[in-house]
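Report on the structure
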Amino acid sequence: MKQLVYITTVCSLLALYSAGARAQTNPKVEVRSVVRNAEGKPLRGAFISANAGQVKTKTDSLGAFSLTLAPKSTVLVSAEGYQDQVAQADTNMQDIVLAGIDDNASLVNVAFRTVPKKDLLGGVAVVNLPGLLQKNYTTGALDNLSAFAAGFNGNIWGMGEYLVLIDGVPRSATTDIHPTEIEQITVLKGAAALALYGSRAAKGVIQITTKRGVANEKRINVRVNTGLHVPKGYPDYLGSAEYMTLYNEARRNDGLEPLYNQETIWNHYSGTNPYRYPDVNYYSPEYLRKAYNRTDAFTEISGGNNRARFYTNIGFVHSNSLLNVGEAKNDNNTRLNVRGNIDVRLTDYISTSVDATAIFGNNRFAHGNYWSSAATLRPYRYSPLIPISMIEESDQLTQLQVQNSNYLIDGKYLLGGTQQHLTNPFADMYAAGYNKGTTRQFQFTNAINVDLRKALPGLSFGTRIGVDYSTSYNLSFNDQYAIYAPTWNSYAGNDMISSLQKFGEDRKNGAQNVSNSWRQQTIFFSGQFNYLRRINNVHNINAILVGTGHQRAETSVYHKSQSHVNLGLQLAYNYRQRYYLDFSGAVLHSAKLPPGNRQAFSPTLSAGWRISDEPFMAGASFVNNLKLTASAGILHTDLDIPGYYLYKGLFTHADGTWYSWRDGTLTRTTDSRRGENNDLFFAQRKDINVGVEASLFRQLLTLEANYFISRMDGIVTQAASIYPNYFVTGFPQSSFIPYINYNNDQRNGLDVNLSLNKQLGQVAWTVGLTGTVYNSKVIKRAENYENAYQNRVGKPLDAIFGLRSNGLFADESDIASNPTQTFGQVKPGDIKYVDQNGDNLIDSRDEVYLGRAGWNGSPFTFGLHLTARWKNWTVFTIATGNNGAFSQKNSSYFWIRGDDKYSAAVRDRWTPDTKETATYPRLTSLNNDNNIRTSDFWLYRNNRFNLAKVQVTYALPGQALPVRFIRDLTIYASGSDLLTLAKARQIMEMNIGGMPQTRFFNIGLNAAF
C-alpha cells in the first residue's frame, strides 16, 4: 500500500509540474463563460478550476466567471448536486450546462455496464452519494436507504438476503466500506436487472461503486466529525422490596407460603445498608456513562490527467462504551482504512485500473456480558462489592483474607457473591481481565479493458479479478478471582461483617491467550466482451457476453461457503431512445445439486416505450419525459438450498441410538437421517414487473413507480407430511425423507419514488418521497392440518399463528364454564383462550392467523427526505415509517417464568381487586405455560413514524475562508434517530439483554482544498 501511495503521488506531482510548465510557456487569454443548469438557470457558486487546480474561481450571482488561461487549457466545472463537466478554454466559450446528479443524462452502474439513467428499463433505483453527503453525513453505507430507494426496506421487494457488490466484487456494505468512499449505490430489484449475476443475485443486488480520480483536477477533501450516542432509555425493572412483595404474591397465588418477611422487605426498601440488603440497579448512572463518543476523520486525495488518475481515502474511526466500571472504562473500537485506486490509459486501446484496500480494526472489551446480566440478575441476590470498613476489626481471620486478596477495589471493597453466584458482572469487569479483538481485511481488484474497434467498431473486452482476505482473532487475559459471601451481625444497632466465606481463588498468571481465530478468502473473476454501437444516430445496440465466478473459503467450513459460476448474455436495442428491447440471460452452475442437474438457464426479457417522444404528445408541453417499461424472467437459484450434498442419502453411526447386548456392552445403531433424491433442482424466481417514469413541468415533479409480482417455485425442503409416517421412526431416531423441490411462495407490491423541486423566493426546496406496498402469500406447503383455518397456504409468508384470547379468568366458576385449557393448570387471572374447533379443549389446534410480522417488510413502508437551501444554509431532514405489521411482547421483559427478574410490566397484573382493569396475567412462581404462549394477548402493532435525521449545514462564503487555498469549508450539526411516534414506542425503543438503542448527535467540518 505504501508503494501504491508513493507511485500515485509521484505521478500526480509530475502531472502538476507538466501542467505548470506549459502554463508558463504558452500565451494566455481571458476566458469568460456562464454556468447554467438543465433548465437554463445560472448557477451561483459553481467551482471553476484549471491547470490541475492551480487556477481557481467561483461563479457570481449570474453564473458568470472569468479566468486568464493558456488557449485550449482544460477547465473543470463542478457544483453541488450536479455532475462535473470538463470544457476546453476558448475566447468564445459557450455557456456550460451542468447535468443534475439525478438528471437522465447521468450514468448508472448496472450489471457489468453503465447506462444513461434515461435508458434504464425499470426495476432499478440509484442513489448518488457524494452530493447527498454534503447535506446528510452518515456513518453507514446503507443508512436510511429506504428513504431514497423505493422497494428497499432492509431487503429488496421482500426477498430476504440480497447480494452486495463493491466495484463488482461480492463484499460487505457493513464492514468493507464507509460512505465517504462511495460514488453511487444502485439497487437492482427486477429479474431482468439481476440475470447476468446468476444464482447468487436472485434476491436482489445492491451495487456500490467507489470514487475514482478526476482528470485535470487535484482535489483534497478533509472531513472530521465527533458526536455522542445518547441512550433512548433502559428497561424498567423492579427494585428488591417491590420484587419480594410481588414474589410473595405469586407464591400465594400458587397456594404456597410467602418467602420473604416484612422486616426483610423493609430493610431492602429503606436502603440504610445497601451492602447487607442490596437493591442493585444495573442501569444506574453509578455504573454507566450518560453517553459515549464516536469520532472519525477522513481524508480524500485525488487527481491526475488524461493518461493517469488516482484516488486515495484514508479514514480513522474511534468509539468508546457506555460502561463506566473497571476495565470496561477502557472499552473501545478503532478502525483505520486506506483505499486507493489508479486508472491508467496504457495506450489508445488498452487501459487498466488497480484498486487496493486495507482495513485495520481493533477493539478492547472487558470480560463478561454486562447487559445480559442486567436483564436477568435479581436486584437483591447479593452486593457486588463488600466494604472492608464494615468488617469487625477483631476478626483477624477475615482481616487476613482482606490482606491476601489480589483485588481490593479502590482500596475499599472486596468482590461479592454467593455459592450460587461465583461470578458477577462487576467483578468480571474489575478482575477477570480483558479481551483485545483484532480484524484485518485486505482487498485487491485489477481490471483491464481493451478497445477492439480496429477488429470491429464498437467491440471491447474487459476483465476483472478480485482477491479479498479477512482474518480476525482474539487476545485475552483470563484472570480468576475469588468472591466473598459475608455473614452479618448487628451490634448496638450497627451492621458489621463477622466473617467472610470465600469461594474461588485469585489467579493472575499474566498469560495472553489467543482464541477465536478466523479467516476468509474470496476470489472473484469476470471476463466480458462488450459491443456498443450507434448507427445513423437512431439505432443503439449494446451486447454483452460475460463469464463470472467467485468462491469463498472460510475457517471450519469444509466446503467452500459460496461458490458460483455463470455465463451471461445481454442483447439490448433501442430506437432513438424511444423504443427499447432487452434480452438478458445466464447459464449457471451449482455444486449443491446432483450431477446432471447442476446447470440451468435463466432468461429475461424487457421492453420500454418513451411515450413523451411520440408526435401525439407534442401538445403536452408539461410532460418532459414519460416512459413505460415491462419485464419478465425466470431466475434459477440455489440460495435456499441449506447445504451441500443434500441430494444424497445420509446414514450415521457417530450419533446413532445406543443399545446393549445381553452381556451389557453398549453400541450404537446406524441410523438414516435423510433419503436420496437425484432429481433435486434449482428453485425458480418467476418475475413480472411493469414500471412508469415521468418528469413533469420542467423537472418540477419526477415519478418512478414499479408494480412487481414474483413467485419462488420449487423451494427445497423436507416435506414430511406427504410421505407415509413409517418414513420416520422415533427409536431408533431415523428419517428417510429426502429433500425435494416443493414449497412455492409469491410476493407482489408497488414501489413509488416521487421528487419535487421548487424555488420559492430565496429558498430552494427539494422533497423526495418513497413508498412500498408489499404483500406475500404462501402458494404451496406440505401441510396436513385438521382444520382449514390452520393452513399456511394462502396466508402471508410472515404470518403469526397463535391463540385468540378472551380476557383473563375472573374466578373458579369462569374456569369451569369455559373449555378445558390443556397447557397446564389454570387459576383466576390466567389468560382465557377461544375454542376455535368446538371440541371443548384449548390446544395447538386452536391456533389461528393473527397478523403479519413484517419480517421481510411491513405491508406499507415509506421514506421522506426534505432539503431547504437559503443562501449558505442548508436544512436536511429524513423521516421513515411503516404500517400494518405486528410484533409479540415475548421477550423476558414480558414473559416471566418462575423466579425470573420482574419488570415494570407486572405492575398491571391481575389481582382480585384489579380483575376489571388488569392488562397482565396473575403472577406465579411456577412455569405457567398457559400464559406464555403466542397469542393476540401479547400482540401489538409496530406502526411507527421515525424522525431519522436532521442536519443543518453552513457553507462559509469564499471571502470568509481563513486561507486562500481552502476551496470550500462547511460546518454542520446533526441528530439521528431523534424521535419515534408510535403507540408502542417504549417497547420498540427498548433493548433487552443488550446495549440500548441510542440517539446520535454529531458536529462536523468538511474542507475542500
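Right, let's walk through the structure included here. (Residues numbered from 1 in each chain as written. Predicted model: local features only at pLDDT ≥ 70, side-chain atom pairs only at ≥ 80, totals over all residues. Heavy atoms only, no water.)

Some words on the nonpolar core
- Of all hydrophobic cores here, the largest spans 52 residues; its most connected members are Tyr370, Phe426, Met429, Tyr902 and Val906.
- Listing elements by their share of this core, those giving two or more residues are helix 4 (240–253), helix 6 (370–374), helix 8 (425–431) and strand 45 (831–833).
- Broken down by element, this core gets its largest block of residues, 6 residues, from helix 4.
- Membership of the second largest hydrophobic core comes to 37 residues, among which are Leu133, Ile166, Met712 and Ile715. (Core = buried A, V, L, I, M, F, W, Y, C linked by side-chain atoms within 4.5 Å. Buried < 20%, exposed > 50% of the residue type's maximum accessible area, 1.4 Å probe, protein only. Helix = DSSP H or I, 4+ residues; strand = E, 2+ residues; numbered from the N terminus.)

Brief notes about the packing of aromatic side chains
- A full pass over the atoms with the stated rule returns 40 aromatic pairs.
- Ring plane angle 10 degrees and centroid distance 6.5 Å describe the contact between tyrosine 234 and tryptophan 371, whose orientation is recorded as stacked. Of this pair, tyrosine 234 sits in the loop between strand 15 (219–231) and helix 4 while tryptophan 371 sits in helix 6, and the two are 137 residues apart along the sequence.
- Taking relative accessible area as the criterion, tyrosine 234 reaches 26% and is therefore assigned partly exposed. (Phe/Tyr/Trp six-rings, centres within 6.5 Å; stacked < 30°, edge-to-face > 60°.)

Focus: the side chain of asparagine 706
- With respect to the element layout, asparagine 706 can be found in strand 37 (residues 701–717).
- The class of asparagine 706 is buried, set by a relative accessible area of 6%.
- Reaching out from asparagine 706, the side chain makes a polar contact with the backbone nitrogen of glycine 123 at a distance of 3.3 Å.
- With sequence-adjacent residues up to four places away left out, asparagine 706 is seen in contact with Gly122, Gly123, Trp157, Lys189, Asn689, Val690, Gly691, Gly749, Leu750 and Asp751. (Polar contact = N/O pair within 3.5 Å; in protein donor to acceptor, adjacent residues only side chain to side chain. Contact = heavy atoms within 4.5 Å.)

Focus: the environment of glutamate 786
- Relative to the elements of secondary structure, glutamate 786 occurs in the loop between strand 41 (763–780) and strand 42 (799–802).
- The exposure class of glutamate 786 is exposed, given its relative accessible area of 58%.
- On a C-alpha basis, the gap between glutamate 786 and asparagine 837 in space is 9.6 Å, while along the polypeptide they are 51 residues apart.
- Here the side chain of glutamate 786 touches arginine 845 through a polar contact of 3.4 Å, side chain to side chain.

A word on unusual backbone geometry
- A cis amide bond links phenylalanine 731 to the next residue, proline 732, at an omega of -10 degrees.
- Following the sequence through the fold, proline 732 ends up in the loop between strand 38 (728–729) and strand 39 (734–735).
- Positive phi is not limited to glycine here, since asparagine 840 has a value of about 65 degrees.
- On the secondary structure map, asparagine 840 appears in the loop between strand 45 and strand 46 (841–842).
- Judged by relative accessible area, asparagine 840 falls into the partly exposed class, the value being 47%.

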